Amino acid sequence: MTAVLERPSEYLDLFDEELDEIDGGITIGAVTAIVGTAIGTFGATYAAGQVAGERAYYAGLRNSYYQQIKWQVRSAVVGLSSSIGLAGTALGATVMLGFENKFYSMS
């Protein structure tokens, strides 16, 4: 038994030369802008966390007490920021990363 593959009546053969030039896509400038924006956003968010950690330390928060409340603080920051979606969750985690890195370095 043999099967015959029939092409639709609108079928056109594509030649190799036609595949060389494709319209559309994304340019290197657009990729650079997207990556630069992401780095700038997360860098600024990390820096904000560092400032918060430094201020918390100078306001009197010490490591012994922070160890008792750190999970509540983490869940509050990440939970509040997750209300704006997955990017918010990542930003909240970045704030906490900056906060704890700075706070622990000062303790």
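The shown structure was predicted, so the numbers you read here are calculated from the model rather than taken from an experiment. (Residues numbered from 1 in each chain as written. Predicted model: local features only at pLDDT ≥ 70, side-chain atom pairs only at ≥ 80, totals over all residues. Heavy atoms only, no water.)

Draft legend 1. Inspection of the overall build of the chain at higher detail. Counting its secondary structure elements, the chain contains three helices and zero strands. Shown N-terminal to C-terminal, the secondary structure of the chain runs as helices and strands in the order α-α-α. Each of the 107 residues in the chain was classed as buried or not, and the buried ones make up 18%. Put simply, of all contacts in the chain between residues at least 6 apart along the chain, 71% involve residues at least 24 apart. For the chain, the exposed area adds up to about 8,300 Å²; of that, 63% sits on carbon and sulfur atoms. (Helix = DSSP H or I, 4+ residues; strand = E, 2+ residues; numbered from the N terminus. Buried < 20%, exposed > 50% of the residue type's maximum accessible area, 1.4 Å probe, protein only. Contact = heavy atoms within 4.5 Å. Areas by Shrake-Rupley, 256 points an atom, 1.4 Å probe, with all protein chains shown as cover.)

Draft legend 2. Structural context of the packing of helix α2 (residues 63-81) against helix α3 (residues 86-106). Look at α2 against α3: their axes get within 8 Å of each other, and the N-to-C directions meet at 160°. Between α2 and α3, the crossing angle belongs to the class labelled roughly antiparallel. When the axes of α2 and α3 are compared, the crossing they make is right-handed. Here N63, Y66, Q67, K70, V73, R74, V77, V78 and S81 of α2 come into contact with α3, specifically with G88, T89, G92, A93, V95, M96, F99, E100, F103 and Y104. Per-class residue counts for the contact of α2 with α3 are 10 nonpolar, six polar and three charged. (Axes fitted to C-alpha atoms, helices over the stretch in contact; angles between N-to-C directions. Parallel < 35°, antiparallel > 145°, perpendicular 65-115°, else oblique. Left-handed = near helix turned anticlockwise from the far one by under 90°. Nonpolar A, V, L, I, M, F, W, Y, C, P; charged D, E, K, R; others polar.)

Draft legend 3. Local environment of the side chain of E100. As for its placement among the helices and strands, E100 is situated in helix α3. Here E100 falls in the buried class, since its relative accessible area comes to 11%. Every residue in contact with E100, bar those within four places of it in the chain, is listed here: Y66 and R74.

Draft legend 4. Spatial organisation of the packing of helix α1 (residues 28-58) against α3. Between α1 and α3, whose axes approach to 7 Å, the crossing angle comes to 40°. If you check the angle between α1 and α3, you find them oblique. Here α1 and α3 pass one another in a crossing that is right-handed. Touching T41, F42, T45, Y46, G49, Q50, A52, G53, E54, A56, Y57 and Y58 of α1 are A90, L91, T94, V95, L97, G98, F99, N101, K102, F103 and M106, all from α3. Residue composition of the contact of α1 with α3, by class: 13 nonpolar, eight polar and two charged.

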